Amino acid sequence: QVQLVESGGGLVQAGGSLRLSCAASGRTFSNYDMGWFRQAPGKEREYVAGIIWSGGSTYYADSVKGRFTISRDNAKNTVYLQMNSLKPEDTAVYYCAAKSRGLVLRLAVGAHYDYWGQGTQVTVSS
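What you see is a predicted model, and the numbers here were worked out from it, not measured in a lab. (Residues numbered from 1 in each chain as written. Predicted model: local features only at pLDDT ≥ 70, side-chain atom pairs only at ≥ 80, totals over all residues. Heavy atoms only, no water.)

Engineer: Would you mind showing me how to read the packing of aromatic side chains here?
Structural biologist: Aromatic rings considered in pairs are described by the distance between their centres and by the relative angle of their planes. Per the stated rule, a full pass over the model turns up five aromatic pairs. On the numbers, 5.1 Å between centres and 85 degrees between planes, the contact of phenylalanine 37 with tyrosine 113 is edge-to-face. Taken together, the residues span a long stretch of sequence, with phenylalanine 37 in strand β4 (residues 32-39) and tyrosine 113 in the loop between β9 (92-100) and β10 (115-116) at a distance of 76 residues. Each of the two residues, phenylalanine 37 as well as tyrosine 113, counts as buried. Relative to tryptophan 116, the ring of tyrosine 113 has its centre 5.9 Å away and its plane inclined at 55 degrees; by these criteria the two rings are tilted. Overall, tyrosine 113 belongs to the buried group, its relative accessible area being 6%. Over the ring of tryptophan 53 we find arginine 101; its NZ or CZ atom is 3.7 Å from the centre of that ring. (Phe/Tyr/Trp six-rings, centres within 6.5 Å; stacked < 30°, edge-to-face > 60°. Helix = DSSP H or I, 4+ residues; strand = E, 2+ residues; numbered from the N terminus. Buried < 20%, exposed > 50% of the residue type's maximum accessible area, 1.4 Å probe, protein only. Lys NZ or Arg CZ within 6 Å of the ring centre and 35° of its normal.)

Written out as structure tokens, the structure is:
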């Protein structure tokens, strides 16, 4: 079992920044690829960003490319999502998730993830 706890959400004005953190516990963190997803009210959950187990490769949804940065610190068992130039349409509950090391193509597919956090609310005001 892997336990994931997100933090860092909040209310921010458009154009502002937030940094989300996701602390993992339970199993060897470096055995897992990590992803961030989000879900806005009335919408489907969507992929935001993914990072492989070593941190050597990162991937982003087109909607956040150039504004968001995913990173990880395996010594601290933590994955981060730095969000800059936030827009009202970024408002959502953000979830981190863990999947066993595998095909990079699976990073963007929520069904391939084994563990999920409880989510943290991000609200961007216009």
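Engineer: Would you explain the pairing of strand β5 (residues 46-51) in this entry?
Structural biologist: Regular strands show a simple pattern: their side chains alternate between the two faces of the sheet. Burial of β5 is extensive: five of the six residues sit out of reach of the surface. Where β4 folds back onto β5 in an antiparallel hairpin, the turn is made up of six residues, including glycine 42, whose phi is positive at roughly 75 degrees. Between the antiparallel neighbours β5 and strand β6 (residues 58-60) lie six residues, among them glycine 55 with a positive phi of about 85 degrees. (Pairing = 2+ DSSP bridges.)

Engineer: Explanation requested: the pattern of salt bridges in the structure shown.
Structural biologist: Where charged atoms from two side chains of opposite charge come close, those side chains can pair. Enumeration over the complete set of coordinates arrives at five salt bridges. Two residues, arginine 38 and glutamate 46, come together in a salt bridge whose shortest N-O distance is 2.6 Å. The exposure class of arginine 38 is buried, given its relative accessible area of 5%. Given a relative accessible area of 34%, glutamate 46 falls into the partly exposed group. Linking aspartate 62 and lysine 65 is a salt bridge whose minimum nitrogen-to-oxygen distance equals 3.1 Å. For aspartate 62, a relative accessible area of 67% translates into the label exposed. (Salt bridge = Lys/Arg side-chain N within 4 Å of Asp/Glu carboxyl O.)

Engineer: For this particular structure, what's the right way to read the nonpolar core?
Structural biologist: Here is a general trend for soluble globular proteins: nonpolar side chains tend to be buried in one another's company. Membership of the largest hydrophobic core comes to 36 residues, with the highest contact counts inside it found for Leu4, Met34, Trp36, Leu81, Met83 and Tyr94. Elements with a contribution of two residues or more to this core: β3 (18-25), β4, β5, β7 (68-73), β8 (78-83), β9 and β11 (120-125). (Core = buried A, V, L, I, M, F, W, Y, C linked by side-chain atoms within 4.5 Å.)

Engineer: How should I be thinking about the sheet that holds β7 in this particular structure?
Structural biologist: Pairing in this open sheet of four strands is antiparallel, and the strands run β1-β3-β8-β7 from one edge to the other. Bordering the open sheet on either side are β1 (3-7) and β7, each of which pairs with just one other strand. Going from strand to strand, the sheet's axes swing by 15 degrees on average, the running direction of each strand aside. Bridge analysis of β7 against β8 gives six bridges, and the strand direction is antiparallel. Bridging from a neighbouring strand, isoleucine 70 pairs with leucine 81 of β8. (Axes fitted to C-alpha atoms, helices over the stretch in contact; angles between N-to-C directions.)

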